[in-house]
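# Understanding the architecture of this molecule
For reference, the chains in residue letters:
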Amino acid sequence: MTSQRTHRVPVVLVTGFLGAGKTTLLNHLLTNSRGVRIGVVVNDFGSVNVDALSVAGQVDSMLSLENGCLCCAVDASGLDRMLGRLTDPSAGLDLIVVEASGLAEPRSMVRLVLASSDPHVEYGGLIELVDAAEFPAPRVRHPELDEHLRMADLVVLNKTDRAGDDVLPLVRELADGAPVVATTHGRVDPELLFDRIRDPDTGPRQLSFDDLRAECGAGQDHHDHPHAAYDSLTVTTGALHPRRLATFLQGRPAGLYRMKGTVYFGVPNHWQKYELHTVGGYVRLRRTRWDPGEQRCTRLVLIGAGIDAEALRTALESCAEPDPAGLAEQDMVPILRYLES
Ligand SMILES: Nc1nc2c(ncn2[C@@H]2O[C@H](COP(=O)(O)OP(=O)(O)OP(=O)(O)O)[C@@H](O)[C@H]2O)c(=O)[nH]1
C-alpha cells in the first residue's frame with residue numbers, strides 16, 4: 001500500500017426518500033463502528049437540522065448543513081471544504097458518511113464527490129434506502145426514484161416490519177443487479193461498508209458517463225429533482241396541548257409527507273422531551289431526555305408538496321398551551337397511542 005493510499009478516505013453517500021431511515025441507519029453504523037472512526041456530514045432540508053441533533057454525541061466528527069439540499073450546490077467547493085476538514089490526516093478518520101437530505105438527487109451527490117479536488121477524498125459508493133412501507137406512494141409522484149435504485153451500490157430495503165412480502169421482489173427488480181438488503185431500523189451489517197475500507201477492490205461499481213450525465217448540468221436546472229416541488233417550514237413554540245396536537249396529526253393534509261423534531265408537553269408527569277416523526281401515514285413519538293440546560297420548547301420541521309405553509313404554521317401554533325402544568329395526565333391519552341414501545 002502506498003503512503004498516498006493510506007491518506008485517502010472513502011466517502012459513502014447515504015440517500016433515500018424522506019423518512020426512509022437514513023439517520024436511523026447512520027446511528028446504527030456509529031454505534032457498531034467496531035473501531036472504525038467515522039466522520040459524518042449531515043444535510044437537512046429544513047432550517048433546523050433535526051438529523052444533526054439526532055446523531056450528535058455518537059460520532060467522531062460531524063459537520064452539518066441545513067436549509068437546502070447539498071445536491072443543489074452550484075459547484076463542489078462547499079462540500080469539498082467540508083470533506084477536506086474530515087479527510088485531512090490530522091482528523092484521523094477512516095470513513096466519511098454523508099447523509100443526504102430526503103429530497104436530494106443521488107446522481108448530483110455522486111458527481112460532487114467525484115468532482116472533489118481534494119486528494120484525500122475517495123468515492124466510497126452510494127447506499128440508497130427504501131421505506132418498504134411507504135414506497136408505493138412517493139414512487140408514483142417521483143418516477144425518478146426507480147432510477148435512484150439502479151444507481152446504488154447497495155440498496156437497503158428498510159422498515160420491512162411494516163410492509164408486505166411483495167416489496168422485496170419489486171425492489172430487487174428495480175435495483176437491476178445491485179445488492180438489496182432487507183432490514184428493520186437500518187440494521188445493516190457495518191462490514192458491508194467497512195470492507196470497502198480494508199479492501200478497496202470491493203469498492204463501488206464504476207458509474208458510467210450516462211449514469212452521471214448532468215441532468216442538472218451546465219444550467220443547473222433542478223426542476224426534475226424531487227425537492228423542486230417541496231416546501232419546508234420550521235415551527236418553534238412552547239408547550240403543545242396533547243389533545244390539540246393529536247387532532248392536528250389526524251387531520252394533517254396528504255401533501256405533508258414528513259414532520260420531525262421535538263415536542264414539549266409539560267403536562268404533569270410528562271415533562272420529558274418527545275421526538276415526533278411522521279412519514280406518510282406513519283406517526284411515532286419517542287420519549288427521551290432533555291440535555292442539561294436545553295430549552296424546553298417545541299421545534300418541528302414540516303416538509304411537504306403542495307402544502308399551504310402559513311396555514312400549517314397557524315394550525316400548529318394554535319396547538320400551543322400556555323399553562324400545561326394545569327392539564328391532567330389523561331389529556332396525554334390521545335397522543336400516547338403514537339408512543340414507541
Ligand atoms: N417501524 C419502523 N420504523 C422505522 C424503521 N427505521 C426507521 N424507522 C422510523 O422512521 C422514522 C424516520 O426515520 P429517520 O431515520 O429519521 O429517517 P430519515 O431518512 O433520516 O428522514 P429524513 O432525513 O427526514 O429524510 C423514525 O421515527 C424512525 O424511528 C424500521 O425499520 N421500522
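Parameters and conventions
- Residues numbered from 1 in each chain as written.
- Predicted model: local features only at pLDDT ≥ 70, side-chain atom pairs only at ≥ 80, totals over all residues.
- Heavy atoms only, no water.
- Helix = DSSP H or I, 4+ residues; strand = E, 2+ residues; numbered from the N terminus.
- Buried < 20%, exposed > 50% of the residue type's maximum accessible area, 1.4 Å probe, protein only.
- Phe/Tyr/Trp six-rings, centres within 6.5 Å; stacked < 30°, edge-to-face > 60°.
- Pairing = 2+ DSSP bridges.
- Axes fitted to C-alpha atoms, helices over the stretch in contact; angles between N-to-C directions.
- Contact = heavy atoms within 4.5 Å.
- Near = heavy atom within 4 Å.
- Polar contact = N/O pair within 3.5 Å; in protein donor to acceptor, adjacent residues only side chain to side chain.
- Areas by Shrake-Rupley, 256 points an atom, 1.4 Å probe, with all protein chains shown as cover.
- UniProt positions renumbered as here; feature names shortened; annotations may be inferred.
- Core = buried A, V, L, I, M, F, W, Y, C linked by side-chain atoms within 4.5 Å.
- Arc of directions from axis to C-beta.
- Parallel < 35°, antiparallel > 145°, perpendicular 65-115°, else oblique.
- Nonpolar A, V, L, I, M, F, W, Y, C, P; charged D, E, K, R; others polar.

Another aspect to go through is unusual backbone geometry. One non-glycine residue, R34, adopts positive backbone phi at about 50 degrees. Among the secondary structure elements, R34 is positioned in the loop between α2 (22–31) and β2 (38–43). Although it is not a glycine, D176 sits at a positive phi angle of roughly 55 degrees. Locating D176 in the fold gives a position in the loop between α8 (167–175) and β7 (180–182). Judged by its relative accessible area of 55%, D176 is exposed.

Moving on, we get to the packing of aromatic side chains. For the coordinates displayed, the defined rule picks out four aromatic pairs. Measuring from centroid to centroid gives 6.2 Å for F17 and Y230, while their planes differ by 70 degrees, and the two rings are edge-to-face. Here F17 is found in the loop between β1 (9–16) and α2, whereas its partner Y230 is found in strand β8 (residues 230–237), with 213 residues between them in sequence. Taking the relative accessible area as the measure of exposure, F17 reaches 7% and is therefore buried. According to the relative accessible area criterion, Y230 is buried, its value standing at 5%. Here Y264 and W290 contribute two aromatic rings whose centre-to-centre distance is 5.8 Å and whose plane-to-plane angle is 75 degrees, an arrangement assigned as edge-to-face. Here W290 lies in the loop between β11 (282–288) and β12 (298–305) and Y264 lies in strand β9 (residues 256–264), a separation of 26 residues in the sequence. Three or more aromatic residues link up through ring pairs in this structure, and these residues are F17, Y230 and Y257.

This brings us to the sheet that holds β8. Across the sheet, which stays open at both edges, the five strands sit in the order β8-β12-β9-β10-β11 with antiparallel pairing between neighbours. Only two strands of the sheet have a single partner each, and these edge strands are β8 and β11. Each strand of the sheet is rotated relative to its neighbour by a mean of 10 degrees, with strand direction disregarded. Bridge analysis of β9 against strand β10 (residues 273–279) gives seven bridges, and the strand direction is antiparallel. Each residue of the ladder has a partner; that of K260, found in β10, is H277. Most of the contacts of helix α11 (residues 242–250) go to β9, to which it runs at about 170 degrees, and overall it touches β9, β10, β11 and β12. Along the sheet face, helix α12 (residues 309–317) touches β8, β9 and β12 and points at about 25 degrees away from the line of β8.

Below, the discussion takes up the site of the ligand. Close contacts around the ligand come from 21 residues, with K22, T24, H185, R258 and K260 the closest. Between an oxygen atom of the ligand and a side-chain N or O atom of K22, the distance comes to 2.7 Å. Relative to its free-state accessible area of 650 Å², the ligand is covered by the protein chains to the extent of 94%. For the shell around the ligand, the secondary-structure elements that each account for two or more residues are α2 and β9. If one sorts the elements of the shell around the ligand by residue count, α2 sits on top with three residues.

Another point: the UniProt feature "domain: CobW C-terminal" (unreviewed entry) in the chain. The residues that UniProt annotates with the feature "domain: CobW C-terminal" (unreviewed entry) are residues 230–320. Between the C-alpha atoms that bound residues 230–320 there is a distance of 26 Å. The span itself is 20% helix and 43% strand.

Judged by nonpolar contacts, the single largest core of 34 residues is most densely connected at L13, L83, I96, V98, V155 and V171. Setting aside residues up to four positions removed in sequence, V171 forms contacts with V130, F135, L149, V155, L157 and V180.

This next bit is on α8. Residues V167, V171, L174 and A175 constitute the buried set of α8. All buried residues of α8 fall inside an arc of 100 degrees around its axis, so they share one side. Residue D176 follows α8 closely and has a positive phi angle near 55 degrees.

Looking now at the packing of helix α7 (residues 144–151) against α8. Look at α7 against α8: their axes get within 7 Å of each other, and the N-to-C directions meet at 70 degrees. In terms of orientation, α7 lies roughly perpendicular with respect to α8. Seen from α7, the contacting residues are D146, L149 and R150; seen from α8, they are V171, L174 and A175. Tallied by class, residues from the contact of α7 with α8 come to four nonpolar, no polar and two charged.

In this fold, L79 is placed in helix α4 (residues 77–87). Of the residues examined, L79 reaches a relative accessible area of 3% and is grouped as buried. Between the C-alpha atoms of L79 and V113, which are 34 residues apart in sequence, the distance is 7.9 Å.

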